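Here's the letter readout for the chains.
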Amino acid sequence: MATITFKGNEAHTSGELPAVGTALADFKLVAQDLSEKSLADFKGKRLVLNIFPSIDTGVCQASARKFNVEATNLENTVVINVARDLPFAMSRFCAAEGLDNIDNLSDFRSDYGDRLGVVLTDTPLKGLLSRAVVVTDETHKIIYTELVAELTDEPNYDAAIAALK
């Protein structure tokens, strides 16, 4: 369990992010067409997992916008928004905003957030994912992680992108 804050109040996650240098665990997350995507669908690609509670919050929207911009300059890299929102909600937001450089995958019928250790175990957002970033190389070895210390803050974009350079 990790301790973060939500609006200054102590909050907890279901575990710890995987360690840098370890392999990213496989996943089955849901795409907009309700198909399931796994790690194998991104074979040979570097990944940026932009994990957040809900696309319906301003901070989550800001991180989707920022990583969409950053994705245009990243070779052989896929940025994936991961939340427990329905995949339609994330896709609808991204379409309305013109965010077409990122993928949206939902954890709404998966235990991936639990296995990553990012599910909020308390606060009014209990059951949603905390804000985190996981970056992998093309073999899906983890090269950077961040569990954002205050849930209402944006992640450290510069550090995540620097890990890919």
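An unreviewed UniProt entry lists the protein under the name Thiol peroxidase, with Bergeyella cardium as the source organism. Quoted verbatim from the Subunit (unreviewed entry) field of UniProt, the annotation for the protein is "Homodimer." UniProt annotates the protein under Function (unreviewed entry) with the comment "Thiol-specific peroxidase that catalyzes the reduction of hydrogen peroxide and organic hydroperoxides to water and alcohols, respectively. Plays a role in cell protection against oxidative stress by detoxifying peroxides."

Caption draft 1: Focus on the overall build of the protein. Across its full length, the protein holds four helices and nine strands. Along the protein, helices and strands appear, N-terminal first, in the series β-β-β-β-β-α-β-α-β-α-β-β-α. The C-alpha atoms of the protein give a radius of gyration of 14 Å, which matches the 15 Å a tight globule of 165 residues would have. Here the C-alpha coordinates of the protein stretch approximately 40 × 35 × 30 Å along the principal axes. Looking at the protein residue by residue over its 165 residues, the buried ones come to 52%. For the protein, long-range pairs separated by at least 24 residues make up 66% of all intrachain contacts whose partners lie at least 6 apart in sequence.

Caption draft 2: Summary view of a nonpolar patch on the surface. Together, Leu34, Leu86, Phe88 and Phe108 make up a nonpolar patch on the protein surface, roughly 340 Å² of accessible area in all. Its place among the elements puts leucine 34 in the loop between strand 3 (28-30) and strand 4 (36-38). Leucine 34 sits in the partly exposed class, given a relative accessible area of 41%.

Caption draft 3: Summary view of the pattern of salt bridges. Evaluation of the coordinates by the stated rule reveals six salt bridges. Notably, a salt bridge pairs aspartate 111 with arginine 115, separated by 3.1 Å at the nearest N-O pair. Since its relative accessible area comes to 41%, aspartate 111 is described here as partly exposed. A cluster of three or more residues bridged by salt bridges with shared partners is formed by Arg84, Asp107 and Asp114.

Caption draft 4: Main features of the nonpolar core. Within the largest apolar cluster, 23 residues are counted, with the highest numbers of intra-cluster contacts made by Val48, Ile55, Phe67, Val133 and Val135. When residues of this core are traced back to their parent elements, those giving at least two are helix 1 (58-71), strand 6 (77-83), helix 2 (87-97), strand 8 (132-136) and helix 4 (157-162).

Caption draft 5: Structural view of the side chain of serine 130. Relative to the elements of secondary structure, serine 130 occurs in the loop between helix 3 (112-116) and strand 8. Apart from residues lying up to four places away in sequence, serine 130 is in contact with Ile4, Thr13, Ile51, Phe52, Pro53, Val118, Leu120, Leu147 and Leu151.

Calculation rules
- Residues numbered from 1 in each chain as written.
- Predicted model: local features only at pLDDT ≥ 70, side-chain atom pairs only at ≥ 80, totals over all residues.
- Heavy atoms only, no water.
- UniProt positions renumbered as here; feature names shortened; annotations may be inferred.
- Helix = DSSP H or I, 4+ residues; strand = E, 2+ residues; numbered from the N terminus.
- Rg over C-alpha atoms; globule rule 2.2 N^0.38 Å.
- Buried < 20%, exposed > 50% of the residue type's maximum accessible area, 1.4 Å probe, protein only.
- Contact = heavy atoms within 4.5 Å.
- Patch = residues over 30% accessible without salt bridge, like charges linked within 9 Å, V, L, I, M, F, W, Y side chains within 5 Å.
- Areas by Shrake-Rupley, 256 points an atom, 1.4 Å probe, with all protein chains shown as cover.
- Salt bridge = Lys/Arg side-chain N within 4 Å of Asp/Glu carboxyl O.
- Core = buried A, V, L, I, M, F, W, Y, C linked by side-chain atoms within 4.5 Å.

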